[in-house]
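Structural characterization, general
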Amino acid sequence: MSRNDGRKDTSASAFRKIDVDQYSDNNFKEEDADGGVGAPTGPDENEILTLLSQYPLQSSRGKNAEALISVLKSAPLECKNQQIKDSARNLTLKVLLSIKSNQMDDCLAQLDRDLVDVLMKYIYRGFEIPTEGSSSHLLIWHEKVFNISGVGCIVRVFSDSKRA
Amino acid sequence: MTEIYNFGVDAISCHAWNRDRTEVAICPNNNEIQVHRRTSSGWKLLETMEEHDMAVMGIDWSPKTNRIVTCSADKNAYVWTQKEDGKWDPAWVLLRINRAATCVKWSPLENKFAVGSGGRVIAICYFASENNWWLCKHIKRPLRSTVTTVDWHPDNKVLVAGSTDYKVRVFSAFISDIDDAPGTTPWGQSNTLGTLLAEFPNTPNGGGWIHSVAFSPCGNKICWVAHNSSICVADATKGNAVMRLYTEHLPFLSCVWIGSNNIVAAGHSCMPMLYSIDDNGQIYFASKLDNTQKKEIAGLSAMRKFQSLDRQARNETNDNALDSMHQNTINCIRRVSDHEFSTSSLDGQLVVWDLKVICVLCVILLLIIMIYSNLSFFFFIKLLENSIAGLKIV
């Protein structure tokens, strides 16, 4: 056998692909850590859209904030069904993009800290799937949320396992 | 107010003090442990201990029996005892773990210590005098991932551990060979090793590696900090109720109790913060303990300002010094006395903070600021409240 062949042998790494940990009974599973999973169905689309469409008739403190709170409260973060998550995401982004920048402060004032964290998760999710003009609008949201909750809420977007 | 020490090392990954704080053991973020003694002309390096092959992950110095225990990523732990000539002598500990040892802590009676490991086990080690040998017993279930931090209950028989499976667990660490009688605490009966007494998920949102856990001085509460920038307290006397505070800072890496209602936490944001617990058990932010002003670069002037504006179209100078005492992540906090604690950081500095002095200075500083500036009265009261909250504890 030539030297070269020998070198080829030692560089073989196929054996490294065996995950020895999978044979352990005490293995870590992400679902275990997340606790029991219910059956969240996500926000009610009709309700949100009704709230949004009512906006022009109402005062500036009207239904937009209500729509935002409602959509964030029913966010299916722990849901395993990607379809439900996607439709909730689309709906949330629709609400976020329909709130004008001069109304944002009003809306944010009505959110508690936990909902602000959820909001930040959807802002980052929105950056992942940009549409025409959405990112610039989300950046304004981002700035305002950052002023309230600081870097802590950005850290939570990445560290929480229940994602938007 | 604060004392800043430099040992001529680039980074300090952990540190531990001896009983009377005249000596300190530090790890310069490699496989060495350095012991320094305080002298009138500064710190003197007494000894460099090089028994570990890989990075040292934890050091603990027992005050009464004067022994140092260290653990390392090379899967070993050593107990160091001082010989007559002052040199330290290592004794190898049989840990029986197959991953790195990540953290180590002496028990309050100093007759055993706990080592956390990446192999999903905690080794409770004790000295078997008939064999002249350190032995250990394992706690395995239901740990699902690397144990990153451990702390002992003052009764010497209960242990709390934080882990990267996002959970904090309280275990019985009763060793029948050396412990006389089973203990009873608000956490439950501890009569067999490894009994799970309590388990807390870090957050209902899932996620967040636990970085540090600590028992309160009375042992009825535990505090932990995790990678989702949160600080949490669980109280055994209130049915294991958990209070969580999601902060607006970067994640904390270390936390210690100062008194029964105050916690100092520090980490990636490079400043120690003081949190307190009110009568309802709620955690609230008390004060920022680092009021260092940014060091101004010599010659910072209008000229310089315009230069930077002209060259870089920027309004600020391009210095990257942080607005804090530490210039890098703080990864270890140690209690020094009732009102003092020390922090070590990846910038190579060790700082001893005195809460008493800090709080008095805060109030004085605020008074001066108010007198010399047109600070609105309301704002001043708000700041004063923060300082007084800090003052109350000392």
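Values in this document were obtained by computation on a predicted structure and should not be read as measured data.

So, about the UniProt feature "repeat: WD" (unreviewed entry) in chain B. According to UniProt, the "repeat: WD" (unreviewed entry) feature falls on residues 49–80 of chain B. Split by type, residues 49–80 of chain B is 0% helix and 56% strand. Its first and last C-alpha atoms lie 9 Å apart.

Another point: unusual backbone geometry. All names here are of chain B. For the bond from arginine 141 to proline 142, the omega torsion is -5°, close enough to zero to count as cis. For proline 142, the position within the fold is in the loop between strand 13 (133–139) and strand 14 (147–152). Even without glycine at this site, lysine 75 takes up a positive phi of about 75°. With respect to the helices and strands, lysine 75 occurs in the loop between strand 7 (67–72) and strand 8 (77–82). With a phi close to 60°, asparagine 240 is a non-glycine residue in the positive phi region. Considering the arrangement of structural elements, one finds asparagine 240 in the loop between strand 22 (230–235) and strand 23 (241–246).

Residues and elements named next belong to chain A. The interhelical angle for the contact between helix 7 (residues 113–128) and helix 8 (residues 134–159), taken along N-to-C directions, is 125°, at an axis separation of 8 Å. Taken together, the axis directions place helix 7 and helix 8 in an arrangement best described as oblique. Classified by chirality, the crossing of helix 8 by helix 7 is left-handed. Residue classes in the contact of helix 7 with helix 8 are distributed as 16 nonpolar, 4 polar and 4 charged.

Residue and element names in this part refer to chain B. Pairing is antiparallel in the open sheet, where 4 strands are placed in the order 1-30-29-28. Each edge of the open sheet carries a strand with a single partner, namely strand 1 (2–6) and strand 28 (330–335). Averaged over all pairs of adjacent strands, the angle between strand axes in this sheet comes to 20°, irrespective of strand direction. Relative to strand 30 (residues 349–354), strand 1 runs antiparallel, the two being bridged by 5 bridges. Bridged to threonine 2 within strand 30 is tryptophan 353.

Each partner contributes residues to the interface: chain B has 23 residues there, and chain A has 24 residues. Summing both partners gives a buried area of about 1,900 Å² for chain B against chain A, and 42% of it is carried by carbon and sulfur. There are 0 salt bridges connecting chain B and chain A. Between the two partners, chain B and chain A, sit 8 residue pairs in polar contact (both at pLDDT 80 or more).

Moving on, we get to the sheet that holds strand 19 (residues 196–201) of chain B. Residue and element names in this part refer to chain B. Overall, antiparallel pairing links the 4 strands, which are arranged 14-15-16-19 in an open sheet. The open sheet terminates on both sides in strands that have one partner only, identified here as strand 14 and strand 19. Looking at each pair of strands side by side, their axes are set apart by 15° on average, direction ignored. In this sheet, strand 19 lies alongside strand 16 (residues 167–172) in antiparallel orientation, the contact comprising 5 bridges. Residue pairing for strand 19: phenylalanine 171 is matched across the bridge by leucine 196.

Given 3.6 residues to a turn, an α-helix orients residues that are three or four positions apart in the same direction. Residue and element names in this part refer to chain A. With 8 of 11 residues buried, helix 4 (residues 63–73) lies mostly within the body of the structure. Those residues of helix 4 that fall on the buried side of the exposure criterion are Asn64, Ala65, Ala67, Leu68, Ile69, Ser70, Val71 and Leu72. Those residues of helix 4 that are buried lie in contact with helix 3 (45–53), helix 5 (82–98), helix 6 (104–109), helix 7 and helix 8.

Turning our eyes to something else, we now look at the pattern of salt bridges. Residues and elements named next belong to chain B. Evaluated as defined, the whole model comprises 13 salt bridges over all chains. Linking arginine 38 and glutamate 3 is a salt bridge whose minimum nitrogen-to-oxygen distance equals 3.8 Å. Placement of the pair is arginine 38 in strand 4 (residues 33–39) and glutamate 3 in strand 1, with a sequence separation of 35 residues. The network of salt bridges with shared partners includes Asp165, Arg169 and Glu199.

The rules behind the values
- Residues numbered from 1 in each chain as written.
- Chains lettered and ligands numbered in written order.
- Predicted model: local features only at pLDDT ≥ 70, side-chain atom pairs only at ≥ 80, totals over all residues.
- Heavy atoms only, no water.
- UniProt positions renumbered as here; feature names shortened; annotations may be inferred.
- Helix = DSSP H or I, 4+ residues; strand = E, 2+ residues; numbered from the N terminus.
- Axes fitted to C-alpha atoms, helices over the stretch in contact; angles between N-to-C directions.
- Parallel < 35°, antiparallel > 145°, perpendicular 65-115°, else oblique.
- Left-handed = near helix turned anticlockwise from the far one by under 90°.
- Nonpolar A, V, L, I, M, F, W, Y, C, P; charged D, E, K, R; others polar.
- Pairing = 2+ DSSP bridges.
- Contact = heavy atoms within 4.5 Å.
- Buried area = accessible area lost by both parts, 1.4 Å probe.
- Salt bridge = Lys/Arg side-chain N within 4 Å of Asp/Glu carboxyl O.
- Polar contact = N/O pair within 3.5 Å; in protein donor to acceptor, adjacent residues only side chain to side chain.
- Buried < 20%, exposed > 50% of the residue type's maximum accessible area, 1.4 Å probe, protein only.

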